[in-house]
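Next come the chains, spelled out residue by residue.
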Amino acid sequence: MKQHPEVNEVQEFLEIASDFEDPLEIIRESLSNAYDAGATEVLITIRNTASGSDIIIEDDGHGMSRDDLKSFFDLGNSRKTDSIGHKGHGTKIFYKSDRIVVDTAHDGTNYHAVMDRPWEKLNNKTLPEYEVTEMETRPDNTGTRIQISGFRSGEGFDPASLTYDKVHHYLKWKTIAGSTAHYFDSDQREMDVVVDLDQEIDDSRDELATTNQLTFPSEQLEPDTGEFPATRMCKHYPPREIEFEHDSGTSTVEIVGMIGGKEARNELPTYGRHSVQFGVWLAKDHIKVEQVNEVLTHDNEFIHFFFIANCQDLELSANRGKVRNKASSLYKELKRELKHYMTKIAEDPWFKEDYLETRKRAQLRRRAQSQTTSLEDRLDAINPAEPFTPTNRTEVLLALERSNTHADTEITVEEYKADHEVPAILLEDGDPRTSHVYVELTTHFENDYPLGSADTILCWDYGDIDVLREYERHGYHGGDVEIDLQDDRIVYHHKDRHTVDIITVCDRIAAQEHQPLTSLD
Amino acid sequence: MPQFRQTDQTTFQVAATAGDARAGTLTINGQTLETPTFFPVLSFYGGGTKSSVFGGGVHRTIKEFMIGDDAIGGGTYEEYFRGTMTSVAALTDYGINRERFDDYTAERIKDREPFSEYSGLIFVDSGGYKFLHSDGLDGSDFEIEIDQREAFRIQNQLGGDIVVNLDRPITPNDTFEERQTKAERTAENAVEFARLTQDYPGARYLTVHGYNYSMLNRFFDTVQSQFGNIDISTLFDGIALGSLVPKKDNKEALITAVMDCVEIMEERGLEDLPLHILGIGSSSIPLLVAAGADTFDATTYILNAINEKYSVSLTDHIPLDEVDFSQCDCPVCSTPMLVDRMQGNAEYQKDILGPVAMHNLIIHKQEVQELRQRIKQHGTDPLINYLDETVGRRDPIRKQTHRVVNQSLGGYF
């Protein structure tokens, strides 16, 4: 005997309704339903009441018939075939509430449907019921009003967390209000969307009004004259429909987008972190689903791009959060096609030469400017009347060369490798000497360098002589050290005896300065 | 400075342009070639004798195709050989003795009985690239020192329809001084070449060398300074851009060299001359055609065959043992005997791989013909679409395709 597998209806409703966490998803579903019902205006009202929150969605569409209303409450019984909601899952989010009231006028009949305590009943393993009352109404009286009372998200719906900004950005990024369909279908109907939040929720304005179209910041192909000339630059890339083949046939991707600097991008609504929302988005029903920035080659920063690639053959997860058919040949070929197209965009001379070059040049100019400022500061700091004092190792070497003019012995720098532990090779009266180089002799000990690794230590001056004396007192690297500043040498006894000469450039220069006096003798 | 004959037996007429790409006709001594075109490189003499169509392994089979020999079952393949390229240097590739060398150069190629039916244009390269290293032609028991006079003597004896001066190609590692010395030597040769070829009935091309605008511009300056105030555009029938073989796998470098050469030719009033690219073929052709090059030569079609690679387009090939010959309707793959041979049923490699080389050449020629057609259509879109759908689909050269579209064809947006 053949048997049908059975479905636990209550559990199914619970599971599907549980998939939806974000109360804003109510708005997404309602807007799509309103558009499909031919609405030109939708009003969304969210009120904070004593018994919880009320979400009311009203549209002027052609309303629901008895069958439509049945689909609205049924599971997996959508009457739609190709738009959002065709799985018949979306409206089940409404079940996470205390009460659903639907008023819809269609073809001269007004249906009033009420479902009480759906969420509570589902959790008590009971299938909630709804009651429909029919009334005659004028044939031209159409539209739908849905009121959801006491909606609860995973952690309880707190309408206070909603602001106009948050709702606006959600609308533009995740719902039909951010649709790019109008770029491809010039007949696409415009629908006004108005959101009215309770004064207690957000009193920054009376209402939010937008449409069902995402538009890009206005084009500006030429740079500005300011310090950041590329920041408002923006170029639109016209809608393109590209057919591509895959194992199951041929599909079309519709792609439209823009390239723009930070200021231009800031004119777009924000969803999540502004800096990560750019790049290339896959979309279905012209509503963005997820990013595929890997279709941009690695040498291009995704942040400059904002492209929406719509493909109706993509399959989405129930809550529309992800693309579900990623293992398919379609997805692979779609990405290949996008990569091909996006390389063209990235190689467009406007992007590479006008925009990026403008940006780069301005950056270099700014850097040069800050260099100039720091050079000016440095020049100001130089006072020829004050004696020269080196501040780094290279300046010590320059000072050494300077000291040769009148010193008894000539010491020249034959080689200098700054990153080596013993960085310099000096020639002292023709003999090569390996040498450490410091501004102060103390640094050698502080840096814990061994004393046997070079013939000499070249320094500007000794530094704190008491510090040196302390090393003498305590010993160094397990041996005795004698720092003989009189004869400018360090004698180190460990297993063997090792002598390191000290060259103090400061003294050589001082000797030179005093020379005219000695010559008077 | 001697008097130079102005060139008058060669015409190059541009019939259509798409951006910098151009389609035209090159007429030399009454024979006409449509450009862009690809000259297959082949060795007319491969160490053998008349009965073996002068030998040469796969080259021999190619020659059999060229003349419709019974050995390949006859057939007419002339249309793929309306222009061929050979080199003075190739004469001794097979280590022949002096006697045979003298025999090879005793009569013009087209005057020899096996090639008497052949009426295509023969481009005879001077062999500069090879002579740079050896300074001579090395046979099994003789050596000939090659200078401009000797190079031209052999080009003349072979009956080249297009001849070039003996050049000193550069390499990517050359220093500035080395390049300059080579340019001066090439320029000196160019002057002697112009003098020697005063009464030559074929087309005379000037070889130029450089990888970018500055190098090429300096090269042209060096040549021009040797000619004093004589306008070189009146002395040569074409420009042959050389030294690109070491960069054959670097599309960016090839495109830069060609684009810059085209720019300099325009600046110097040489834009009416055809631009030949020495030693570069295959997947580079579409991009270089778009950048403004007119003719090409390469051995790729033979080298690929020797490596058992069967072309399916200019850019793609498949291993010979995986080929389904019924998928191709070229004359080679439509001949059961040749298919049988390509499947390995022949004693000699030349009989197995020769038809593969011929097939590869046909694919090359068909694609170049397609490019020609695209240029002749209205606007740049047909050519852009072709590039986009062929080379533009290949990851390593996608960006270079976009570069050419943007810089030479007006861009996508």
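It should be emphasised that the depicted structure is a prediction, and the values quoted were computed from it without experimental measurement. (Residues numbered from 1 in each chain as written. Chains lettered and ligands numbered in written order. Predicted model: local features only at pLDDT ≥ 70, side-chain atom pairs only at ≥ 80, totals over all residues. Heavy atoms only, no water.)

A. Highlighting the overall build of chain B. If you tally the helices and strands in chain B, you get 13 helices and 15 strands. In terms of C-alpha radius of gyration, chain B reaches 21 Å, essentially the compact-globule figure of 22 Å for 413 residues. Seen through its C-alpha atoms, chain B measures out along the principal axes to roughly 60 × 60 × 40 Å. Of all 413 residues assigned to chain B, the portion counted as buried reaches 59%. Long-range pairs, those at least 24 residues apart, make up 70% of the contacts in chain B between residues at least 6 apart in sequence. (Helix = DSSP H or I, 4+ residues; strand = E, 2+ residues; numbered from the N terminus. Rg over C-alpha atoms; globule rule 2.2 N^0.38 Å. Buried < 20%, exposed > 50% of the residue type's maximum accessible area, 1.4 Å probe, protein only. Contact = heavy atoms within 4.5 Å.)

B. How the structure looks around the side chain of T295 of chain B. All names here are of chain B. Within the secondary structure, T295 is located in strand β13 (residues 295–298). The class of T295 is buried, set by a relative accessible area of 1%. In this view, T295 contacts T35, T37, F39, L275, H276 and I277; residues no more than four positions away in its chain are not counted.

C. Molecular detail of the confidence of the model for chain A. All names here are of chain A. Per-residue pLDDT for chain A averages 88, and the proportion of residues at 70 or more is 93%. In the model of chain A, helix α12 (residues 505–520) stands out as the element of lowest mean pLDDT, 64, in contrast to strand β13 (residues 305–310), which has the highest, 98. When the criterion is pLDDT under 50, residues 515–521 qualifies, and its contacts beyond four places in sequence or with other chains add up to one contact. (pLDDT = per-residue confidence, 0-100.)

D. The arrangement of empty space enclosed by the protein in detail. Residue and element names in this part refer to chain B. Tallied over the entire structure, the rule returns two cavities of 30 Å³ or more. One number sums up the size of the largest cavity: a volume of about 100 Å³. R168, I170, F176, R179, Q180, K182, A183, H209, M215, R218, F219 and T222 together form the lining of the largest cavity. Only α5 (176–196) and α6 (213–227) provide two or more residues apiece to the lining of the largest cavity. It is α5 that contributes the most residues to the lining of the largest cavity, five residues altogether. In terms of residue class, the lining of the largest cavity is built from five nonpolar, three polar and four charged. Each pocket or cavity is described by its volume, and for the second largest cavity that value is around 50 Å³. What lines the second largest cavity is S43, F44, Y45, T86, S87, A90, L91, I109 and L158. Here the residues of the lining of the second largest cavity sort into six nonpolar, three polar and no charged. (1 Å grid on protein atoms, 1.4 Å probe; cavity = no way out; pocket = protein on both sides within 12 Å on 5 of 7 lines; lining within 4 Å. Points joined across faces, edges and corners; volume = space filled by probe spheres on them. Nonpolar A, V, L, I, M, F, W, Y, C, P; charged D, E, K, R; others polar.)

E. Structural detail: unusual backbone geometry. In the segment running from T35 of chain B into P36 of chain B, the intervening peptide bond is cis, with an omega of 0°. Look at D107 of chain A: it is not a glycine, yet its phi comes out positive at around 50°. Here D107 of chain A lies in the loop between β3 (99–106) and β4 (109–116). Backbone geometry places R117 of chain A, a non-glycine residue, at a positive phi of 45°. Tracing the backbone shows R117 of chain A in the loop between β4 and α4 (118–123). A residue is classified by how much of its surface remains accessible, and R117 of chain A, at 40% relative accessible area, is partly exposed.

F. Examining the sheet that holds strand β3 (residues 31–35) of chain B more closely. Residues and elements named next belong to chain B. An order of β1-β2-β3 is seen for the three strands of this open sheet, with the pairing classed as antiparallel. Whereas interior strands pair on both sides, the edge strands pair on one side only; in this sheet they are β1 (10–18) and β3. Adjacent strand axes in the sheet meet at a mean angle of 15° when their direction is disregarded. Here eight bridges tie β1 to strand β2 (residues 21–28), and the two strands are oriented antiparallel to one another. (Pairing = 2+ DSSP bridges. Axes fitted to C-alpha atoms, helices over the stretch in contact; angles between N-to-C directions.)

G. Inspection of the pattern of salt bridges at higher detail. Residues and elements named next belong to chain A. Taken as a whole and judged by the stated rule, the model has 50 salt bridges over all chains. The salt bridge involving E347 is made with K352; its shortest N-O contact spans 3.3 Å. Under the relative-accessibility criterion, E347 is labelled buried at 8%. Of the residues examined, K352 reaches a relative accessible area of 36% and is grouped as partly exposed. Between R433 and D501 there is a salt bridge, with its nearest N and O atoms 2.5 Å apart. (Salt bridge = Lys/Arg side-chain N within 4 Å of Asp/Glu carboxyl O.)

H. Inspection of the UniProt feature "domain: tRNA-guanine(15) transglycosylase-like" (unreviewed entry) in chain B at higher detail. UniProt's entry tags residues 21–379 of chain B with the feature "domain: tRNA-guanine(15) transglycosylase-like" (unreviewed entry), counted in the numbering of this structure. Within the segment residues 21–379 of chain B, helix and strand shares are 38% and 17% respectively, and the terminal C-alpha atoms sit 11 Å apart. (UniProt positions renumbered as here; feature names shortened; annotations may be inferred.)

I. Quick look at helix α11 (residues 349–376) of chain B. For α11 of chain B, built from 28 residues, the straight-helix expectation of 40 Å at 1.5 Å per residue is met to within 8% by its first-to-last C-alpha distance of 40 Å. Of all 28 residues in α11 of chain B, 21 are buried; the element is thus mostly enclosed. (Expected span 1.5 Å × (residues − 1).)

J. A look at the packing of aromatic side chains. Scanning the model with the defined rule gives 36 aromatic pairs over all chains in all. Ring centres of Y183 of chain A and F216 of chain A lie 5.4 Å apart, and the angle between their planes is 20°; this geometry places the pair in the stacked category. Separated by 33 residues along the polypeptide, Y183 of chain A in the loop between α5 (164–174) and β7 (192–197) and F216 of chain A in the loop between β8 (208–211) and β9 (234–246) bring together distant segments of the chain. The exposure class of Y183 of chain A is partly exposed, given its relative accessible area of 25%. Relative to Y200 of chain B, the ring of F152 of chain B has its centre 5.3 Å away and its plane inclined at 75°; by these criteria the two rings are edge-to-face. A residue pair is termed long-range when its members are at least 10 positions apart, and F152 of chain B in helix α4 (residues 148–158) and Y200 of chain B in the loop between α5 and β10 (203–209) qualify at 48 residues. The pair formed by F152 of chain B and Y200 of chain B is uniform in burial state, with each residue classed as buried. Members of the aromatic cluster, each reached through a chain of ring pairs, are Y237, F305, F307, Y341, W350, F351 and Y355 of chain A together with Y412 and F413 of chain B. The ring of Y211 of chain B has K247 of chain B sitting right over it, with the charged end atom 4.6 Å from the ring centre. (Phe/Tyr/Trp six-rings, centres within 6.5 Å; stacked < 30°, edge-to-face > 60°. Lys NZ or Arg CZ within 6 Å of the ring centre and 35° of its normal.)

K. Main features of the sheet that holds β13 of chain A. All names here are of chain A. Reading across the sheet, the five strands line up as β9-β10-β13-β11-β12 and stay open at both edges, with mixed pairing between neighbours. Single-partner strands in this sheet number two, and they are β9 and β12 (287–291). On average, each strand axis in the sheet is inclined to that of its neighbour by 25°, with strand direction left out of account. Looking at chain direction, β9 and strand β10 (residues 249–260) are connected through eleven bridges and run antiparallel. Each residue of the ladder has a partner; that of Y237, found in β10, is G257. Across the sheet, α5 touches β11 (279–284), β12 and β13, and the angle it forms with β12 is around 85°.

L. Just the interface of chain B and chain A, in detail. Tallying the contact residues gives ten residues for chain B and 15 residues for chain A. For the pair chain B and chain A, the summed buried surface comes to about 1,300 Å²; carbon and sulfur atoms form 52% of the total. When the buried surface of chain B facing chain A is broken down by residue, R398, K399 and F413 of chain B rank first, second and third, together holding 52% of it. Along the contact surface separating chain B from chain A lie five salt bridges. Between K339 of chain A and D395 of chain B there is a salt bridge, with its nearest N and O atoms 4.0 Å apart. Remark: the boundary between chain B and chain A carries eight residue pairs in polar contact (both at pLDDT 80 or more). The biggest single contributor to the side of chain B that touches chain A is helix α13 (residues 395–408) of chain B, with five residues. Grouping the constituent residues of the side of chain B that touches chain A by class yields two nonpolar, three polar and five charged. (Buried area = accessible area lost by both parts, 1.4 Å probe. Polar contact = N/O pair within 3.5 Å; in protein donor to acceptor, adjacent residues only side chain to side chain.)

M. Representation of helix α1 (residues 9–19) of chain A in the model. Residue and element names in this part refer to chain A. Of all the positions in α1, only V10, F13, L14, I16 and A17 are classed as buried. Taken together, the buried residues of α1 touch α3 (66–73) and α4. Measuring from the side-chain oxygen of the N-cap residue of α1 to the backbone nitrogen of V10 gives 3.3 Å; that N-cap residue is N8.

N. View of the nonpolar core. Residues and elements named next belong to chain B. Ranked by size, the top nonpolar core spans 120 residues in total, and within it Y77, F81, L241, L275, I277 and M358 carry the most contacts. Here this core takes ten residues from α11, the largest share from any one element. Excluding its chain neighbours within four sequence positions, the residues that come into contact with I277 are L241, L244, V258, L288, A293, T295, F296 and D297. (Core = buried A, V, L, I, M, F, W, Y, C linked by side-chain atoms within 4.5 Å.)

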